[in-house]
Amino acid sequence: CNSAPSYPAICLLCGALVCCKSNCCSTTYSNGSVSECFQHNARCAAGYGVYLVLRTCAPLLLRSTRRAFYPSPYLDEHGEEDAEFRRGRPLFLCETRYE
């Protein structure tokens, strides 16, 4: 839609920046609307996709019309997630969550 995504995600397969939860780029079909992430999956990876949701630093896995969010591998110095970056603290890669 040529606008800045309000809830951006990066495709980890090709590096494209897509809208994750907003309706600005969704397409309506007979069985409901589909977000830009699902549209991108059909073009980029034959229905399979791995994204990094930038507002939460959480991985998003997509397959066909199913999705799964995983816990963020990035934690602050106290071992806590900073959802939506509300606290504004630096985040570090947690090796145990990454594995």
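Residues numbered from 1 in each chain as written. Predicted model: local features only at pLDDT ≥ 70, side-chain atom pairs only at ≥ 80, totals over all residues. Heavy atoms only, no water.

Visitor: Quick question: what am I supposed to make of the overall build of the protein chain here?
Guide: Tallying secondary structure elements over the protein chain gives 2 helices and 9 strands in all. Start at the N end of the protein chain and walk to the C end: the helices and strands fall as β-β-β-β-α-β-β-β-β-β-α. Per-residue burial for the protein chain yields a buried fraction of 32% across its 99 residues. Partitioning the contacts of the protein chain with sequence separation of at least 6, the portion at a separation of at least 24 is 34%. (Helix = DSSP H or I, 4+ residues; strand = E, 2+ residues; numbered from the N terminus. Buried < 20%, exposed > 50% of the residue type's maximum accessible area, 1.4 Å probe, protein only. Contact = heavy atoms within 4.5 Å.)

Visitor: What exactly am I supposed to notice about the nonpolar core here?
Guide: Burial of nonpolar side chains together is a common tendency in soluble globular proteins. Of all hydrophobic cores here, the largest spans 11 residues; its members are Tyr7, Ala9, Cys11, Val18, Cys20, Cys37, Phe38, Tyr51, Val53, Leu60 and Leu62. Those elements that provide at least two residues to this core are β1 (8–11), α1 (36–44), β5 (48–53) and β6 (58–63). If we skip the residues at most four places from it in the chain, Cys20 touches Tyr7, Ala9, Ser35, Cys37, Val53 and Leu60. (Core = buried A, V, L, I, M, F, W, Y, C linked by side-chain atoms within 4.5 Å.)

Visitor: What am I meant to see in the pairing of strand β7 (residues 66–69) here?
Guide: If a strand is regular, its side chains alternate between the two faces of the sheet. Summarising the sheet, β6 and β7 pair through 4 bridges and their orientation is antiparallel. Looking across to β7, one finds that Leu61 is bridged to Ala68. Following β6, the chain reverses through 2 residues before pairing antiparallel with β7; Ser64 in that reversal takes a positive phi of roughly 55°. (Pairing = 2+ DSSP bridges.)

Visitor: Explanation requested: unusual backbone geometry in the structure shown.
Guide: Most peptide bonds take the trans form, and the phi angle of most residues other than glycine is negative. The phi torsion at Ala46 lies on the positive side, around 55°, for a residue other than glycine. Within the secondary structure layout, Ala46 lies in the loop between α1 and β5. Looking at Ala46, the relative accessible area reads 68%, which means it is exposed. Positioned with a positive phi, Cys57 is a non-glycine residue whose angle comes to about 55°. Here Cys57 shows up in the loop between β5 and β6. Under the relative-accessibility criterion, Cys57 is labelled buried at 13%.

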